[in-house]
Amino acid sequence: MIEVKVRKKSKVNKVYRADNALFLEQEAGIIRLVPQTADVIRISYTENGIFSPEQGKEFADLSGNCQWEYQENSQEICVLTDSLLVRIDRISGSVGYEKRDGKILLQEAERESKSVEEFDSYRTVASKNAKIEEVVTADGKKRRIKDAEKEFDRKLYHTRLSLKFDEEEMLFGLGQAEEGVWNLRHTTQYLHQANLKIAIPMLFSNKGYGILLSTQSPAIFDDTQYGSYLYTEADEYLDYFFLA
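Residues numbered from 1 in each chain as written. Predicted model: local features only at pLDDT ≥ 70, side-chain atom pairs only at ≥ 80, totals over all residues. Heavy atoms only, no water.

Engineer: I'd like a rundown of the overall build of the protein chain, residues and numbers included.
Structural biologist: A tally of helices and strands in the protein chain yields zero helices and 20 strands. Its C-alpha atoms give the protein chain principal-axis dimensions of about 60 × 45 × 45 Å. Expressed as a percentage of its 244 residues, the buried residues of the protein chain come to 44%. For the protein chain, long-range pairs separated by at least 24 residues make up 55% of all intrachain contacts whose partners lie at least 6 apart in sequence. Here the protein chain holds 33 positive side-chain charges and 41 negative ones, and the gap between their average locations is 3 Å. (Helix = DSSP H or I, 4+ residues; strand = E, 2+ residues; numbered from the N terminus. Buried < 20%, exposed > 50% of the residue type's maximum accessible area, 1.4 Å probe, protein only. Contact = heavy atoms within 4.5 Å. Lys, Arg positive; Asp, Glu negative; His and termini not counted. Charge placed at Lys NZ, Arg CZ, Asp CG, Glu CD.)

Spelled out as structure tokens, the structure:
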């Protein structure tokens with residue numbers, strides 16, 4: 001028998017403010033917006049109802065001193081700071097960013113802009129049966145564990161943030177790579193640490209904004225005719241900072 005998984009609806013059913021954050025509850029999950037400064041907003045998405053403090057703990061929380069307000073109607077929810085207007089579509093949960101003077105900076109994809117996929121994470125445990133082998137790499141000889149016992153650690157998530165870029169927009173960043181690509185548009189970039197490769201999960205646009213992924217896992221940037229997204233391999237939930 002084939003099991004058909006029905007995608008839960010993304011319509012925002014409840015909006016409330018708690019401390020320095022705005023929460024938007026959907027059937028599918030919860031979106032959390034935490035303004036950090038007038039120009040920086042942290043956006044998170046979970047489908048298990050939990051925003052673990054482990055995610056993004058390496059970043060300073062500046063939200064206590066940020067002044068902001070929100071408004072809502074039947075079509076959208078708006079978060080306003082001195083510099084930014086953030087619009088969240090009530091039907092899709094898609095987030096858009098613009099300056100207070102009306103300049104549009106970035107828009108998430110119109111459908112399924114944020115998604116997470118749960119998987120079981122395991123860790124290696126000490127064992128007399130573990131086998132260690134020596135391999136030759138571009139960085140010299142390395143010792144690695146070939147066979148070892150593992151035990152269940154916790155549930156983690158693959159995350160995906162789907163975005164819409166302007167046709168003439170240029171994108172930069174993501175660290176140091178070997179391909180010599182300057183403008184990252186219409187490319188696929190794999191973010192991981194390797195010989196002559198330094199991954200930094202920070203994407204810049206010539207429109208005057210940046211996206212900082214809150215992740216310590218491998219990640220992918222993909223911008224093709226089939227769509228554009230940022231993907232992380234293993235996180236507690238989807239989490240990023242928008243910097244104007």
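Moving on from the model shown.
Engineer: Could you give an account of the pattern of salt bridges, naming the residues involved and the relevant values?
Structural biologist: This model, assessed by the stated rule, comprises 16 salt bridges. For the salt bridge of Arg87 with Glu98, the shortest nitrogen-to-oxygen distance reads 3.1 Å. With Arg87 in strand E7 (residues 84-89) and Glu98 in strand E8 (residues 95-99), this residue pair connects regions lying eleven residues apart in the sequence. Between Arg185 and Asp223 there is a salt bridge; the shortest N-O distance is 2.6 Å. With Arg185 in the loop between strand E14 (171-176) and strand E15 (188-191) and Asp223 in strand E18 (residues 219-224), the pair connects residues that are 38 residues apart, well separated along the chain. Classification of Arg185 by relative accessible area gives buried; the value is 10%. When salt bridges that share partners are traced, they join Arg123, Glu151, Asp153, Arg154 and Glu236 into one network. (Salt bridge = Lys/Arg side-chain N within 4 Å of Asp/Glu carboxyl O.)

Engineer: So what's going on with the packing of aromatic side chains? Which residues, and what values?
Structural biologist: Scanning the model with the defined rule gives eight aromatic pairs in all. Judged by centre distance (6.2 Å) and plane angle (55°), the rings of Phe23 and Phe51 are tilted. Within this pair, whereas Phe23 is found in strand E2 (residues 21-26), its partner Phe51 is found in the loop between strand E4 (40-46) and strand E5 (69-72), the two being separated by 28 residues in sequence. Under the relative-accessibility criterion, Phe23 is labelled buried at 15%. Pairwise contacts between aromatic rings join Tyr16, Phe23, Phe51 and Tyr237 into one cluster. (Phe/Tyr/Trp six-rings, centres within 6.5 Å; stacked < 30°, edge-to-face > 60°.)

Engineer: So, the nonpolar core: which residues are in play, and what are the values?
Structural biologist: Core analysis: the largest hydrophobic core is formed by 41 residues, its most contacted members being Leu24, Tyr240 and Phe242. Ignoring anything within four residues of it in the chain, the contact list for Leu24 reads Val12, Lys14, Val15, Gly29, Ile30, Ile31, Leu33, Ile77 and Ile88. In terms of nonpolar packing, the next biggest core, distinct from the first, is built from six residues, Ala21, Ile30, Val34 and Phe51 among them. (Core = buried A, V, L, I, M, F, W, Y, C linked by side-chain atoms within 4.5 Å.)

Engineer: Explain unusual backbone geometry to me, using residue names and the numbers behind them.
Structural biologist: A positive phi is found at Glu112, a non-glycine position, where the angle reads about 50°. We note that Leu196 has phi near 60°; this positive angle belongs to a residue other than glycine. One can find Leu196 in the loop between E15 and strand E16 (198-205).

Engineer: Any chance you could break down the environment of Gly49 for me, citing the residues and the numbers?
Structural biologist: Among the secondary structure elements, Gly49 is positioned in the loop between E4 and E5. Taking the C-alpha atoms as reference, Gly49 lies 28 Å from Leu191; in sequence the two are 142 residues apart.

Engineer: Kindly report on the sheet that holds E4, identifying the contributing residues and their values.
Structural biologist: Here eight strands make up an open sheet; going across it, the order is E1-E2-E3-E4-E20-E17-E16-E14 and the pairing antiparallel. Across the chains shown, the open sheet's two edge strands, defined by having one partner strand only, are strand E1 (12-18) and E14. For this sheet, the mean inter-axis angle between neighbouring strands, taken without regard to orientation, is 20°. Direction of pairing for E1 relative to E2: antiparallel, over a ladder of six bridges. Following the sheet pairing, Val12 is matched in E2 by Gln26. (Pairing = 2+ DSSP bridges. Axes fitted to C-alpha atoms, helices over the stretch in contact; angles between N-to-C directions.)

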